[in-house]
Amino acid sequence: MSSELIFTVNPGATSTKCALYEVSGESLHCRQETVIEHPDAILAKFSGIAEQLEYRYQRVKQFLNEGLKANDRLIACAGRGGMLTPVPSGAILISQELVDFSMNTPVYQHASNLGAPLAYLVAKGRGINAYIVDPVSVDEFSPVARISGSPDFTRFSFVHALNTRATARKLAQQLHQPFEQFNAVVAHLGAGFSISAIRNGRIVDNDNRMEGGAFTPERAGGIPPIPLIDACFSGRYSAAQLKKKLYGEGGLYGYLGTRDLRDVEALIEQGDSRAQLIYDAMLYQIRKSMAAMASVLEFKLHGFILTGGLAYSKTLVASLSKTLEAVAPVYAFPGSNENQALAETTLRVVKQGAEFLTWPINMDALIGTDPLNTCPLNNGSTNSFNEAC
């Protein structure tokens, strides 16, 4: 008998995660999953992200050739969404126009922009559809959440939407709550953080993972603006140097010289008081951000969720839970569930008739044209900043 499968692809800065999911009715089983590593020496040969497409595609084809059996049939493909202009949550059908945008005019340069092109190439060769799901530019902010304090600077959403929504959906199912009526605060804690308020299944606010909130293993978070402005005009740094200090060489790395939380916890066990202080400060800021997001929900939530790589730390989870449980239960979903989330949403589209969007997306029609409610990234502008994710 033939097997129906969904292929997922999730490109990161130095790797591409691929998976094949067998479809059985309306359920999924992961048949095969792998992480294709891309050595720095090879990536250094390419002048930019877009130039890596053919190289990565050949590695993806090798995975498929080895993983697919003679009677297998791919019914859909799904790729990680890249740095798009603001979009609603859910699935977006990949078209050539979306591929062109991801490759040529993304808001930021990042390897995730290759998710749509890779999925599209695989799907096109087989005459099936491909989708992206919950890219980082998912923006479901309410009008009041967009106000920053200055009319010159509008708040907008850039968030680990894929894993955030996937873990929230898991907890909703676990608690037997309809996702459309589910409220939670989700903290995605990895190299970067996203701390989000979910109301009725929608990410209505978050700490923009590039510009605010708690500091992370490698990002500076919401640092005081006056010293930053002074540094910008001091003549001591170029723009590229400052961005690197904020995104890549900030946070734990800036203070302790390591991005690995396990190294920090080992230093603490050895009695390093500075490591203990920096560790405590990061958790202090995480708690503040999570409590702030709980206030967005008027402290009426089904639970707090800790996810991402840092959620593997029992010490971190226990420390955060001790405070947060005064408000709501705390649930840990360690690691990232992105490939599974891609497959699950795609399954709902191809088997259950779930709605999907087509590109381009008119966000003005969805959120209104009031300038106080319009995201500044919705004009298709580009930025050369290469964010580590």
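One can find the structure itself at the top, above this paragraph.
We now turn to the structure provided with this report.

**Things to note about the overall build of the protein chain**
For step 1, the next point in the chain: Per the secondary structure count, the protein chain includes 13 helices and 12 strands.
For step 2, the next point in the chain: Radius of gyration (C-alpha) of the protein chain: 21 Å, near the 21 Å computed for a compact globule of 389 residues.
For step 3, the next point in the chain: Each of the three principal axes of the protein chain carries a C-alpha extent, and together these read 60 × 55 × 50 Å.
For step 4, the next point in the chain: Accessible surface computed for the protein chain: about 17,700 Å², of which carbon and sulfur atoms make up 51%.
For step 5, the next point in the chain: Distance between charge centroids for the protein chain: 2 Å, based on 34 positive and 37 negative side chains.

**Points about the state of the cysteines**
For step 1, the next point in the chain: Per the counting criterion, the structure on display carries 0 disulfides.
For step 2, the next point in the chain: Take C30: it sits in no disulfide, and the sulfur closest to it among the cysteines is that of C18, at 11 Å.
For step 3, the next point in the chain: Note on C30: relative accessible area 29%, which makes it partly exposed.

**Details of the pairing of strand 8 (residues 193–199)**
For step 1, the next point in the chain: Buried residues dominate strand 8, accounting for 6 of its 7 residues.
For step 2, the next point in the chain: As consecutive antiparallel partners, strand 7 (residues 184–189) and strand 8 are separated by 3 residues.
For step 3, the next point in the chain: Two elements, strand 8 and strand 9 (residues 202–206), share 4 bridges in a ladder whose sense is antiparallel. Pairing of S196 across the sheet is with N206, part of strand 9.
For step 4, the next point in the chain: Taken together, strand 8 and the strand that follows it, strand 9, pair antiparallel across an intervening segment of 2 residues, in which N200 is found at a positive phi of about 50 degrees.

**Observations regarding the environment of N362**
For step 1, the next point in the chain: Positionally, N362 belongs in the loop between strand 12 (357–358) and helix 13 (363–367).
For step 2, the next point in the chain: Residues N362 and V87 lie 275 residues apart in sequence; the distance between their C-alpha atoms is 8.4 Å.

**What to know about the pattern of salt bridges**
For step 1, the next point in the chain: Applying the stated criterion across every chain, the model contains 11 salt bridges.
For step 2, the next point in the chain: Ionic pairing is found between D205 and R155, a salt bridge with its closest N-O pair at 3.1 Å. Taken together, the residues D205 in strand 9 and R155 in the loop between strand 6 (130–133) and helix 5 (161–174) connect sequence positions 50 residues apart.
For step 3, the next point in the chain: For D205, a relative accessible area of 10% puts it in the buried group.

**Regarding the nonpolar core**
For step 1, the next point in the chain: One finds F7, V60, L74, C77, I94 and V122 to be the most contacted residues of the largest nonpolar core, which totals 51 residues.
For step 2, the next point in the chain: Among the elements that make up this core, the one with the highest residue count is helix 4 (residues 115–124) (6 residues).
For step 3, the next point in the chain: When neighbours within four sequence positions are excluded, L74 is seen to be in contact with L5, I6, F7, L20, L68, V122, R126 and I128.
For step 4, the next point in the chain: Judged by nonpolar contacts, the second largest core, of 34 residues, contains V204, I268, M282 and M293.

**Section: the packing of aromatic side chains**
For step 1, the next point in the chain: One pass over the full model with this rule turns up 8 aromatic pairs.
For step 2, the next point in the chain: Note on F101 and W359: the rings are 5.2 Å apart at their centroids and 55 degrees apart in plane angle, and the pair reads as tilted. Here F101, found in helix 3 (residues 96–104), pairs with W359, found in the loop between strand 12 and helix 13; they are 258 residues apart in sequence, far enough to count as distant. A single burial state applies to F101 and to W359, both of which are buried.
For step 3, the next point in the chain: Taken together, a centroid distance of 6.5 Å and an interplanar angle of 25 degrees make the contact between F179 and F182 stacked. Here F179 and F182 have matching classes, each one buried.
For step 4, the next point in the chain: Aromatic ring contacts, followed pair by pair, group Y108, F156 and F158 into a single cluster.
For step 5, the next point in the chain: Cation over ring: R259 sits above Y253, and NZ or CZ is 4.0 Å from the ring centre.

**A short note on unusual backbone geometry**
For step 1, the next point in the chain: For the bond from W359 to P360, the omega torsion is 0 degrees, close enough to zero to count as cis.
For step 2, the next point in the chain: Considering the arrangement of structural elements, one finds P360 in the loop between strand 12 and helix 13.
For step 3, the next point in the chain: With phi around 45 degrees, D134 is a residue other than glycine that occupies positive phi space.
For step 4, the next point in the chain: Here D134 lies in the loop between strand 6 and helix 5.
For step 5, the next point in the chain: With relative accessibility at 6%, the residue D134 sits in the buried group.
For step 6, the next point in the chain: With a phi close to 60 degrees, H176 is a non-glycine residue in the positive phi region.
For step 7, the next point in the chain: Topologically, H176 is positioned in the loop between helix 5 and strand 7.
For step 8, the next point in the chain: Taking the relative accessible area as the measure of exposure, H176 reaches 73% and is therefore exposed.

**Overview of helix 4**
For step 1, the next point in the chain: Across the 10 residues that make up helix 4, a large majority, 8, are buried.
For step 2, the next point in the chain: Of the residues making up helix 4, those classed as buried are G115, A116, P117, L118, A119, Y120, V122 and A123.
For step 3, the next point in the chain: Where helix 4 is buried, its residues meet strand 1 (3–11), helix 2 (53–67), strand 4 (72–80), helix 3 and strand 6.

Each value, and the rule that gives it
As a convention, each chain's residues are numbered from 1 in the sequence order in which they are written. For this predicted model, a pLDDT threshold of at least 70 governs which residues receive local features, and a threshold of 80 or more governs which side-chain atom pairs are given and counted, while totals over whole chains, interfaces and linings are taken from all residues. By convention in this description, side-chain values take in all heavy atoms of the structure and omit both hydrogens and water. Put simply, DSSP marks the helices as runs of H or I at least four residues long and the strands as runs of E at least two long, and each gets a number from the N terminus on. What the globule rule says is 2.2 Å times the number of residues to the power 0.38, and the radius of gyration is computed from C-alpha atoms. Each accessible area is a Shrake-Rupley estimate made with a 1.4 Å probe; only the visible protein chains count as cover when residues are assessed. Think of it this way: Lys and Arg go in the positive column, Asp and Glu in the negative one, and His and the chain ends go nowhere. To locate a charge, the coordinates of NZ of Lys, CZ of Arg, CG of Asp or CD of Glu are taken. The disulfide definition used here is simple: a pair of cysteine sulfur atoms within 2.5 Å. For the exposure calls, accessible area comes from a 1.4 Å probe over protein chains only, and a residue counts as buried if that area is under 20% of its type's maximum, exposed if over 50%, partly exposed in between. Strands pair, by our definition, only if DSSP identifies at least two bridges between them. By definition here, a salt bridge exists when the distance from a side-chain nitrogen of Lys or Arg to a carboxyl oxygen of Asp or Glu is within 4 Å. Grouping buried Ala, Val, Leu, Ile, Met, Phe, Trp, Tyr and Cys residues that are joined through side-chain atoms within 4.5 Å yields what is termed a nonpolar core. We call two residues in contact when some of their heavy atoms are within 4.5 Å. When two rings of Phe, Tyr or Trp (its six-membered ring) have centres within 6.5 Å they constitute a pair, described as stacked for plane angles under 30 degrees, edge-to-face for angles over 60, and tilted for the intermediate range. Two limits define a charge over a ring: the Lys NZ or Arg CZ must be within 6 Å of the ring centre, and within 35 degrees of the ring normal.

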